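# Observations on the three-dimensional arrangement
These are the residues of each chain, in order.
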Amino acid sequence: MTQVVDWGPIAPALWLVGGAVVALLLDVTVPSWRRFGPTMVTLVAVAGAFASALSLVGDEQTAFCLPAVRDGGPAGCSWVVDDVTLVWWVVVLGATALVAALLHPAVAEGDLPAGETCFLLLASATGAVSLAAAGDLVTLVIAMETVSLPVFALVGLRRADRRGAEAALKLFVASVVATAFTLMGISMVYGATGSVVATQVSAAVASGEAVSPVVGVGLVLTLVGLAFKVASVPFQVWVPDTYVGAPIPVAAYLSVVSKAAGLAGLTIVLVRFFPSYGDNWRPVLAAAAALTMTVGNLAALRQRHAVRLLAWSSVAQAGYLLVPLAAGGSGADVGALQSYLLMYALVNVCAFAVVLGASRWGATDVADFTGLYRRNMWLAVALAFALLCLAGLPPGVVGLVAKVVVFQSAVDADLVWLAVVMAVNVAIGLVYYLRFLVVLFRPDDLAPAAPRPGGVPDSIDAVIGLTLAAAVVLSVFPGLLFGPVIP
Amino acid sequence: MTFAGLELAIGVPLLGALVVMLVPRERAAGVVGVVAGSVVLVVAGWACAEVYAAGPSPGSSGGFALVSDATWIRVLDVDWRLGVDSLSAPLVALTAVLTWCCLVALLRRAPAGADSRGLVALVLVIEAGSIGTFVALDLVLFFVFFELVLIPMWFVIALWGDRDDATGRRRAATRFLVTTVTGSALMLVAFLLLHHETGTFDLVALRQSGPALSVAAQTTVAVLLMLGLGAKVPMWPLHFWLPDAHSKAPTVGSVLLAGVLLKLGTYGLLRFWHQVVPDGALEAAPYLGALGVVAIVYAALACLAQTDLKRLVAYSSIGHMGFVLLAVSTMTGQGLAAANFANVAHGVITGLLFFLAGALKDRVGSTDFGRLGGAVYGRAPRLGAWVAFAALASLGLPGLAGFWGEMLSMLAAFDPHAGLSRTTYLVYMAVAGVGAVLTTAYFVVAVRKVCQGVVDRDALVDVEPDEWTAWTPLGVAAVGLGLFPWLLLWSASAGEVVGAVSR
């Protein structure tokens, strides 16, 4: 049988793969370009992927399609791109480009091997792009592993850093176990429904011909691996140590792209494969959302280390992100999830960028940021704005409106109790975001031991400026973000 | 798309705040602040004139003057809708006046320590957020402005608060913020429930479609609003954040917190309880009324036990807001008018009291009765006179604004809405009367401790010209509203309340 390949829908992934190979080869063949070459290739590849993704706006497009397994059944495709997919891609591609820029100083200074770093980053992004377009469970799990495997290496890549190696090992072991559960779950779903393709699985489940207890267990096990990516409770344990051990840009990548990939996978599995099982998975997700935000916020309250604080904050934010899925995953719910994710990705990268910049003069603890406003006003303003957006308070209006949208999906689904839990959590979250915030504006003579701020490399500055500008513009005109995303 | 001009009252202070941060010298920044505040004062006066000209009866735009309407976030049904009516106009004016007084006071009396430019900018942002809340005609916009006030106030307390107690002021600031945010998130849930039921966030439309909802739905919304806004008012027993926040805040922080921020809560209750979910509010009203009178008595007893002037004024605020809540809970047009009057009167008088407490603190270094040393009549006669005047106004001396606030609230409780138990409200009224007597007692005690006594310490610097400038508008307002209460009451006669009263 000849497989006709439609190159259009898969072009973004191909751009990234091509970029990964070129970046690696460039580093080996032209060592004199090592300083800028691989980073430039990465940015070009992402830009190419972005441009080719934009050309797909509109109708649903597919690739790698197979005819129906049995007569009268639906056909299935392994690669499905619709407008929802494109939003996941925007998050993944945008964050990947920003992380590449954040990695650049370390690459240029030789702390990280240039070619390998860019190769791994693009390879992982390829996985994330594929995951968001997955139309069958095998593509899904392979894409999921493609996201993870390069990240293990990225976490431990820093030369002569034993903490990084330990962090990588922790992440690796936990992730492999989670993947094993997912594989087990997929095999059960396949056994019960006779297919791994979305259209066929959902048809088999809806028609009731699949053995439902097996499908139910299979679904839960499949979700384990994805919940691990999202860092939902009870799979959040790896987060703080890994974030602290990893290079800070990689932590930013984990908190945004890896999480986005997990959420994309969750959405696909729940909405495309098991829509008729809503009554089963909705309460589970609602409980997971409530627990995740509560555990993340309570743990973040006690943190003194800046990256650790952002790590637990990202766990809490994952809880908010799960709320729209728990609400049922209708078109509006997915829109709510994606608009919150876009906001979160933007300001979280901004916060990590500032922390990365500050780490260059030795600031690691929250207390080391004392008086930052006096010494480096724009850095402090950017961090303050990002924290306010994460907390959901004006002037970070975009964060506030994103929270409103998430609340709305909970209320519209009659999950008022979850909305109330979230309300309490928003208040708890404030405590630690503001503890960080007030430090920035304190007179700097309160902390004579704090390291003296120095300069920040241009590429980090550019990321901070770009994300801050975007967050400010979106706070004045939130419609620019919410309009295109929410149907 | 129309912009009627209320944007000026929000935009000018925000712009002013930006300029203040960029001005290199603190003194110049203060002047910029006063200029911005003066512009807002003019705009607020204009808005009041427009409301007066439009008359108290609901017109074509639902009784609102200066209505702006523009698309903001279309996909969420959230629009930029502003407007002002006889309920919000007095509060806009109150905010403009109090902020102007604060900005004048900051010219020469910024708290030492941190850069005063930041404080001026934050005061302006608080003004913008408060006025925005009062004039927002879209629930989400209301929520955004409501929240906009919080972070600046938190900074004001946490960075410019009590210099001798860095941990205490941070704790007070955070407690204030966390309580309010929990409350406002519950309020948001109520708004989203309304949107879920009616499909709109538009306040004007909701005044039609809200009262048509089922009683059960209305009750859920009303209870959520009571808890959410109650944290802000503050309603007993959610008041626990207030005494600390007031006593640790710098003078301008206390003035704005008591004079303006508490009003955001009562305004919200008046607006939504009376006009959007009146049937549900009737179910919850007896409980709100009970909490109101408990607050009156509780606050009066607490005040008798205070040894610090600032804390005493703070606790007295809880009592005064109890009168407002009692008036709100009667669910009548008279109750609405009484609540609005008591709101404004409390803002003016308590604002003045906090200015005076701040002045004493500047001079003596403390507001503790023992360390103040008494005998302010002898040591600074004019200052003593101001303190006595403000205390008399606050305890409800006829002829001053505070009298009408208390009197009208009790009068409203005498004749509550037909759907409420009259007996219950008569009991409430009697208890509130006892509270009013106790209020007189503690203010008399306070005046005796602060002002009277034998002069055995150094004289104090008497009231200085900039203080005269900052306090006189409030003194004039206290007398003016006391002598001419119809200034605020003219709208009530026409039955401004759309929901409860018309049925």
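Look above for the structure.
To start, this report covers the structure provided alongside it.

Rules behind the numbers
In this numbering scheme, every chain counts its residues from 1 along its sequence in written order. All chains are assigned letters beginning with A, and all ligands numbers beginning with 1, in the order in which they are written. Local features in this predicted model are restricted to residues of pLDDT 70 or higher, and side-chain atom pairs are both shown and tallied only at a pLDDT of 80 or more, whereas totals for entire chains, interfaces and linings draw on every residue. Side-chain calculation: all heavy atoms of the structure are included, whereas hydrogens and water are not. The way it works is that DSSP assigns letters per residue, a run of H or I at least four long becomes a helix, a run of E at least two long becomes a strand, and they are numbered from the N terminus. We compute the radius of gyration from the C-alpha atoms alone; for a globule the expected value is 2.2 Å times N to the 0.38, where N is the number of residues. Any pair of residues with heavy atoms lying within 4.5 Å of one another is described as a contacting pair. Each accessible area is a Shrake-Rupley result for a 1.4 Å probe, and residues are judged covered by the shown protein chains and nothing else. Only protein chains enter the accessibility calculation, which uses a 1.4 Å probe; a residue whose area is less than 20% of its type maximum is buried, one above 50% is exposed, and one in between is partly exposed. His is not counted here, nor are the chain ends, while Lys and Arg score as positive and Asp and Glu score as negative. Throughout this description, the term salt bridge denotes a Lys or Arg side-chain nitrogen within 4 Å of a carboxyl oxygen of Asp or Glu. Within 3.5 Å is the distance limit for a polar contact, defined as a pair of N or O atoms, with the added protein rule that one can donate a hydrogen and the other accept it, and that residues adjacent in sequence qualify only through two side-chain atoms. By convention, the term buried area covers the 1.4 Å-probe accessible surface removed from two parts as they join, with the contributions of both added. By the convention adopted, Pro, Cys, Tyr, Trp, Phe, Met, Ile, Leu, Val and Ala count as nonpolar, Lys, Arg, Asp and Glu as charged, and the other residues, Gly among them, as polar. Lining residues are those with an atom within 4 Å of a point, where the points come from a 1 Å grid over the protein atoms alone and group into cavities, where a 1.4 Å probe fits but cannot get out, or pockets, open sets with protein on both sides within 12 Å along at least five of seven lines. Grid points are joined across faces, edges and corners, and a volume is the space filled by probe spheres set on the points. Inter-axis angles, ranging from 0 to 180 degrees, are taken between N-to-C directions of lines fitted to C-alpha atoms, where helices are fitted over the stretch in contact. Orientation labels follow simple angle bins: below 35 degrees gives roughly parallel, above 145 gives roughly antiparallel, 65 to 115 gives roughly perpendicular, and whatever is left gives oblique. Whether a crossing is left-handed or right-handed is set by the direction in which the near helix is turned from the far one by less than a right angle, anticlockwise for left-handed and clockwise for right-handed.

## Considering the overall build of chain A
Check the secondary structure of chain A and you find 19 helices and 2 strands. Taking 487 residues into account, the globule formula puts the C-alpha radius of gyration at 23 Å, and chain A, at 22 Å, falls close to it. Taking the principal axes of the C-alpha coordinates as reference, chain A spans close to 75 × 60 × 40 Å. Restricting the contact set of chain A to residue pairs at least 6 apart, pairs at least 24 apart contribute 79%. As displayed, chain A has an accessible area near 16700 Å², and 68% of this comes from carbon and sulfur atoms.

## Let's talk about the side chain of B:Arg207
Residues and elements named next belong to chain B. As for its placement among the helices and strands, arginine 207 is situated in helix α8 (residues 203–209). No salt bridge forms around the buried arginine 207; measuring N to O, its nearest opposite-charge neighbour aspartate 85 is 4.2 Å away. Side chain to side chain, arginine 207 and glutamine 275 meet in a polar contact 2.9 Å long.

## Considerations on the interface of chain B and chain A
In this assembly, 30 residues from chain B lie in contact with 38 residues from chain A. Taken together, the two surfaces of chain B and chain A that pack against each other cover about 2900 Å², and 83% of this comes from carbon and sulfur. The interface formed by chain B and chain A includes 0 salt bridges. Counting only elements with at least two residues in the side of chain B that touches chain A, the list comes to β1 (65–73), α5 (139–148), α6 (150–160) and α7 (166–198) of chain B. Partitioned by chemical class, the residues of the side of chain B that touches chain A number 24 nonpolar, 4 polar and 2 charged.

## Thoughts on empty space enclosed by the protein
Residues and elements named next belong to chain B. The full count for this structure, using the stated rule, is 10 cavities of 30 Å³ or more. Counted as a void, the largest cavity has a volume near 110 Å³. As for the largest cavity, its lining consists of His320, Phe323, Ala342, Ala345, His346, Ile349, Thr350, Ala393, Ser394, Gly402, Gly405 and Glu406. Listing elements by their share of the lining of the largest cavity, those giving two or more residues are α13 (309–329), α14 (333–364), α17 (381–395) and α18 (401–414). Broken down by class, the residue content of the lining of the largest cavity amounts to 5 nonpolar, 6 polar and 1 charged.

## Examining the packing of helix α11 (residues 278–301) of chain A against helix α12 (residues 306–326) of chain A
Residues and elements named next belong to chain A. Between α11 and α12, whose axes approach to 7 Å, the crossing angle comes to 160°. Looking at the two axes, α11 sits roughly antiparallel to α12. Crossing of α11 against α12: the hand is left-handed. Of the residues contributing to the contact of α11 with α12, the split by class is 19 nonpolar, 5 polar and 1 charged.

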